[in-house]
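Chain and residue survey
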Amino acid sequence: MHRVPIAKLLYCKAEGDFVRLVLAKKIILIGETMHQLEARLVPLGFLRVHRSYLLHLNAVQKVEGNRLFTASGVFPLGRKYRQEVMRLLR
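Everything quoted here is computed from the prediction, not taken from an experiment.

1. Section: the pairing of strand β7 (residues 67-70)
- Here 3 bridges tie strand β6 (residues 62-64) to β7, and the two strands are oriented antiparallel to one another. Along β7, the bridge assignment pairs Lys-62 with Phe-69.
- Taking the residues between adjacent antiparallel strands as the criterion, β6 and β7 are bridged by 2 residues, where Gly-65 takes a positive phi near 60°.
- Looking at chain direction, β7 and strand β8 (residues 73-76) are connected through 4 bridges and run antiparallel. By the bridge assignment for β8, Arg-67 is matched with Pro-76.

Structure follows, in structure tokens:
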């Protein structure tokens, strides 16, 4: 069991039926689906940007084409999620 402070969570990446939580200094693999985690994190400011990624909305620095840039890396922006992401970033 891990207690993860939301402020330290950089992003989440789907790994089959697991999700990798990436923090500044460690990575935690949890036995939960992205859909389950998304339901808990969206009210806290996270946003599904691709079928494999959840990012905090405030972390997005810029959007170029189908890529999102944050301080922790470059992430794909899925077609299915693009309209909602762009609406929330305005």
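More follows now that the structure is in view.
2. A word on the environment of Phe-46
- The topology assignment puts Phe-46 in strand β4 (residues 46-50).
- A relative accessible area of 2% means that Phe-46 is categorised as buried.
- Taking the C-alpha atoms as reference points, Phe-46 and Cys-12, 34 residues apart in sequence, are found 9.5 Å from one another.
- Setting aside residues up to four positions removed in sequence, Phe-46 forms contacts with Ile-6, Leu-9, Leu-41, Leu-54, Leu-55 and His-56.

3. Structural notes on the nonpolar core
- Core analysis: the biggest nonpolar cluster contains 13 residues, and Leu-9, Cys-12, Val-19, Leu-21, Leu-37 and Leu-41 have the highest contact counts within it.
- Core analysis: the next-biggest nonpolar cluster, separate from the first, contains 12 residues, Leu-47, Val-49, Leu-77 and Tyr-81 among them.

4. Re the sheet that holds β4
- Taken together, 5 strands build an open sheet; the order of strands is β3-β2-β1-β5-β4 and the sheet is antiparallel. Since the sheet does not close on itself, it has two edges, and those belong to β3 (27-30) and β4, each with one partner. Strand-to-strand twist of the sheet, defined as the mean angle between neighbouring strand axes without regard to direction, takes the value 25°.
- Inspection of the sheet shows strand β1 (residues 9-15) paired to strand β2 (residues 18-23) by 6 bridges, in the antiparallel sense. Bridge pairing in β2 places Leu-9 opposite Leu-23.
- In the packing of helix α1 (residues 34-41) onto the sheet, the strands contacted are β1, β2, β3, β4 and β5 (53-56), and the crossing angle to β1 comes to about 155°.

5. Structural notes on the pattern of salt bridges
- Inspection of every chain in the model, using the stated rule, returns 7 salt bridges.
- We note a salt bridge from Glu-38 to Arg-48, for which the minimum N-O separation is 2.7 Å. You can see Glu-38 sitting in helix α1 and its partner Arg-48 sitting in strand β4, a full 10 residues away along the chain. The burial state of Glu-38 is the same as that of Arg-48; both residues are buried.
- One salt-bridge network, in which partners are shared between bridges, spans Lys-13, Glu-15 and Arg-20.

What counts, and at which threshold
Numbering of residues begins from 1 in every chain and follows the order in which that chain's sequence is written. Local features in this predicted model are restricted to residues whose pLDDT is 70 or higher, and side-chain atom pairs enter the listing and the counts only when it is 80 or higher, whereas totals over whole chains, interfaces and linings include all residues. Values shown for side chains rest on all heavy atoms present in the structure; no hydrogens or waters enter the calculation. Should DSSP find at least two bridges between two strands, the strands are regarded as paired. Helix and strand definitions follow DSSP, with helices as H or I runs of at least four residues and strands as E runs of at least two, each counted in order from the N terminus. Only protein chains enter the accessibility calculation, which uses a 1.4 Å probe; a residue whose area is less than 20% of its type maximum is buried, one above 50% is exposed, and one in between is partly exposed. The contact criterion used throughout is that any non-hydrogen atoms of two residues lie within 4.5 Å. In this description, a nonpolar core means a group of buried Ala, Val, Leu, Ile, Met, Phe, Trp, Tyr and Cys residues linked to one another through side-chain atoms lying within 4.5 Å. Lines fitted to the C-alpha atoms define the axes, with helices restricted to the stretch that makes contact. Angles between their N-to-C directions range from 0 to 180 degrees. Note on definitions: salt bridges are taken to be side-chain nitrogens of Lys or Arg within 4 Å of carboxyl oxygens of Asp or Glu.

Read these as geometric descriptors, not functional statements.
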